Amino acid sequence: MRQILATIALLLLTACSGGTSGAANTSSGGTTSGSSSSTTTSSGGTTTPVTNTTPIVVDAGPAALNVGANAYTATNIPYVTITVCAPGSTSNCQTIDHVLLDTGSVGLRLEASVLNSTLLAGMATQTDTQGNPIGECYEYVDNYVFGSVRSADFTVAGESVASMPLQVIGDTTGGLGTVPHSCSSSGGSNMNTVQLLGANGIIGVGTTVTDCGQTCTTTNGSGGAIYYDCPTAGCSAVVSRANNASAPYEQLINPVAGFASDNNGTILSLPTVAPTGVVTATGTLYFGIGTQTDNALGSATVLPTTADGYVTATYNGTALPSSFLDSGSNYYYFVDSSITACTQSGYTGFYCPSSALSLTPTIKGTSGSAISAAFTLYNAYTEPGATSNAVPGVGANPNTQSFSSPINNSFDFGLPFFFGRNVYTAIAGRQAGSAYGPYFAY
Amino acid sequence: MRKPFTWLLVPTLVVGLPHAASASLGGNVDTITTDQSRMVVRLHAVARSGAGNLHTLTLANGGEVREYTNATGMVYAIRWTGPGKPDLESLLGVHFATMQSDNPVTARRGMRRPPGVNRVDLKIVSGGHAGAFWGYAWLPQSVPSGFDPASL
């Protein structure tokens, strides 16, 4: 059964991608609503390929995951392929696949181990007022990444950003070899290998323009990002970095915000996936909202977020004000101690209902009404196929060891929520269709 | 009800300070001053809370750390919110190692979830996403009677 589903998905992909001319014009695999057009017609009547789309693949991940004592294959992780070049060069470039597409963070971060040495040397490290390299610590909810801040010409689909700051995770050049205490003291570990990150890099296309904002613009200023002065003796002093929303950039920017056009947000379009899952699901990432014929807001409901990127979900009558939609979360994460917990080894924290459950959370933005976010929850142990890398309807308690946690304020709508939907993420301060970001819409 | 009193602090360096032998969670009230020196704290407010005090540290980045002490001056619970995580190594003290060991980075091959601890003598619940974090930590064997972590 799993093999058959995978074959169908591949056939759909093949069928959809025929007949288009632009390199970036691969269409989505079976998504239905509102995003089928792939060309625009100019006033002269000739067609110009729209180059604001790139494929999303949800598969086993880069080969480097599945080696050694901690070998694994990715589950529910959406990847895209991007290209980076040394600034100004059209030959010192590298195309990098399996870059994690994350609506819950901001900035392009690549593992040093996947970059060839010529390109790494060509991507100049940003320097501070003392002429020392800039290092960065960026915190995710579970772990962090530490490395250098360099500049590269970034390209994906037909969109590009010249001299865009990016982070090279695990770059140990000069004084970058030791993670500063003020970074490691946030908890977790440095995800400085492809296997630890689960990807060759991560591209954060969340709701803000920069990865730290105003809080990093003063000396000692730090938020989710911490920028360091990195002399050869090591990184320690925290330096200020301007919150520039246009070139020259100092902080890492949301790559989409740096495009010349289609720069107000994204649409993640992923196909419906059967409950047992599929080996590979393929969808489409659209750049821009309401900027082309293929990325209209249409009938999607806009859910304005707080400055922190939160919406309010209501689940079983309880309002959960720290809720969000996040393609970088690989399951639904929510607290419901009335649902049977899995007891199998390796499944601690997952939900294992004896039969499929229809759950009916709603989501409300900072204005407007609540809309349905209903979904079917399946048994996390018995339902997904053994070879499935894309599985819908799997949920878990976010604090796996506290199944009856007294703290209940968040519903994280992870990647399963994105299957069978077009999910819009609009960037703060940018008009995207009829509304201004920050918002989610679907 | 006594009015809360507050005082302003001169921001101090975040890094490069020696590590204190004692820690905040489970340590005495003096360790809060150590926490202050490890983070860029703009304001430290103290208010009565039950038989002890609530110390609220307002961070320069807009984040907030609340530390609850009991009648003997021992810190029994902490709550944090903010755009970046606070210095959890300082705030959690000896319990930081427990959080680390209970949440190995290799666990990411399964769930990608916030760190948590559920032990008889230590509870940690956390969450959020990049740029907006929150967390709770408390010592069940040291909390006042009727303690509700959701009220922190």
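The preceding data block contains the structure.
Residues numbered from 1 in each chain as written. Chains lettered and ligands numbered in written order. Predicted model: local features only at pLDDT ≥ 70, side-chain atom pairs only at ≥ 80, totals over all residues.

### A look at the environment of threonine 376 of chain A
Residue and element names in this part refer to chain A. One can find threonine 376 in strand β21 (residues 375–377). Since 13 C-beta atoms lie within 10 Å of it, threonine 376 is described here as partly exposed. Note: C-alpha distance between threonine 376 and proline 275 (101 residues apart in sequence) is 9.1 Å. Discounting chain neighbours no more than four positions away, the residues touching threonine 376 are Ala356, Leu357, Ser358 and Gly393. (Helix = DSSP H or I, 4+ residues; strand = E, 2+ residues; numbered from the N terminus. Buried ≥ 20, exposed ≤ 12 C-beta atoms within 10 Å, placed from the backbone. Contact = placed C-beta atoms within 7 Å.)

### Some thoughts on helix α1 (residues 31–38) of chain B
All names here are of chain B. Turning to α1, its buried residues number three or more, namely Thr31, Ile32, Thr34, Asp35 and Arg38. All buried residues of α1 fall inside an arc of 155° around its axis, so they share one side. The inward-facing, buried residues of α1 contact β3 (52–59), β4 (64–69), β5 (75–82) and α2 (88–92). (Arc of directions from axis to C-beta.)

### A closer look at the environment of serine 329 of chain A
Note that serine 329 of chain A resides in the loop between β16 (318–325) and β17 (332–333). Here serine 329 of chain A falls in the buried class, since 28 other C-beta atoms lie within 10 Å of it. As for serine 329 of chain A and valine 156 of chain A, which are separated by 173 residues in sequence, their C-alpha atoms are 23 Å apart. Setting aside anything within four residues of it in sequence, one finds serine 329 of chain A in contact with Gly104, Asp412, Gly414 and Leu415 of chain A together with Arg112 of chain B.

### Considering the interface of chain B and chain A
Counting from both sides, the interface comprises 45 residues of chain B and, opposite them, 53 residues of chain A. Elements that contribute at least two residues to the side of chain B that touches chain A include exactly α2, α3 (94–102), β6 (117–119), β7 (122–129) and β8 (132–138) of chain B. Here the element with the most residues in the side of chain B that touches chain A is β7 of chain B; it accounts for 5 residues. Residue composition of the side of chain B that touches chain A, grouped by class: 21 nonpolar, 14 polar and 10 charged. (Nonpolar A, V, L, I, M, F, W, Y, C, P; charged D, E, K, R; others polar.)

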